[in-house]
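Residues per chain are reported as follows:
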Amino acid sequence: MQEAGLPVRTADEVRSRAMRIVQRAVGTGKLPDTVRQRWEEVLDAEALWSFAPTVIHGSLEPEVLLIGDDAVQGVLGWNELSLGDPASDVSWLCAGDRETFEVALIRYATLRGIVGQREIEARARFYHELEVAKWLLHGVDTHDAAVVDDAVSMLDHLVDRLQSMGTP
């Protein structure tokens, strides 16, 4: 696949990028300790970051799926096509209910021949949570107090969810 000219994002590169986002979010002073601790634990978990890059869409979300007759009939927006972390393609499913996410993840991993489903699930959930940090950083970078306030509210909800799940 590298010969096809696709960008390659290794596990180390993906992890380093995530670390930079977390560090920047911590630097805002608005990241709750509960969230910071959870994200640092995920980043420190070596077993989670030993995936082999595979072909990914790179920006998969509901808006790019063409649905008809209760099935996906097409996928748009292939401009982020690369070799990278398959968990990034399923992270958007974390916004739905847990059962749907788990069923979709099993099907995705089975069809793609991807092993390490538990690790993919953990990274997908982490990436989903990290979107809040990106939103916070966008607000900080653009000096948009409404966006920052929205992100802080989302982080508060994340703290509540993590605490209800017993996650540090």
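Reading the values: rules and limits
Residues numbered from 1 in each chain as written. Predicted model: local features only at pLDDT ≥ 70, side-chain atom pairs only at ≥ 80, totals over all residues. Heavy atoms only, no water. Helix = DSSP H or I, 4+ residues; strand = E, 2+ residues; numbered from the N terminus. Rg over C-alpha atoms; globule rule 2.2 N^0.38 Å. Buried < 20%, exposed > 50% of the residue type's maximum accessible area, 1.4 Å probe, protein only. Contact = heavy atoms within 4.5 Å. Lys, Arg positive; Asp, Glu negative; His and termini not counted. Charge placed at Lys NZ, Arg CZ, Asp CG, Glu CD. Pairing = 2+ DSSP bridges. Phe/Tyr/Trp six-rings, centres within 6.5 Å; stacked < 30°, edge-to-face > 60°.

Colleague: Please provide a residue-by-residue account of the overall build of the protein chain, values included.
Modeller: For the protein chain, the count of helices and strands is 6 helices and 4 strands. Listing every helix and strand of the protein chain by position from the N terminus yields α-α-β-β-β-β-α-α-α-α. Computed over its C-alpha atoms, the radius of gyration of the protein chain comes to 17 Å, within 12% of the 15 Å expected for a compact globule of 168 residues. Its C-alpha atoms give the protein chain principal-axis dimensions of roughly 40 × 35 × 35 Å. A total of 168 residues make up the protein chain; the buried ones form 38% of that total. A separation threshold of at least 6 residues defines the contact pool for the protein chain, and within that pool the share at least 24 residues apart is 69%. Charged side chains in the protein chain number 16 positive and 28 negative. The centres of these two groups are separated by 4 Å.

Colleague: Pulling in residues and values, what's your account of the pairing of strand E3 (residues 71–75)?
Modeller: Here strand E2 (residues 65–68) runs beside E3; their pairing, made up of 4 bridges, is antiparallel. For Leu 65, the partnering residue across the bridge sits in E3 and is Val 75. Between E2 and E3, which follow one another and run antiparallel, lie 2 residues, and Asp 69 among them has a positive phi close to 50°.

Colleague: Pulling in residues and values, what's your account of the packing of aromatic side chains?
Modeller: Going through the model one piece at a time under the given rule, you end up with 4 aromatic pairs. Residues Trp 49 and Phe 126 carry aromatic rings whose centres are separated by 6.1 Å and whose planes lie at 85° to one another, so their mutual orientation is edge-to-face. Of this pair, Trp 49 sits in the loop between helix H2 (33–44) and strand E1 (54–56) while Phe 126 sits in helix H5 (residues 117–141), and the two are 77 residues apart along the sequence. Comparing Trp 49 with Phe 126, the two get one shared label, buried. Considering the side-chain rings of Phe 126 and Tyr 127, the 6.0 Å spacing of their centres and the 45° angle between planes classify their relative orientation as tilted.

Taken by themselves, the reported measurements are silent on function.
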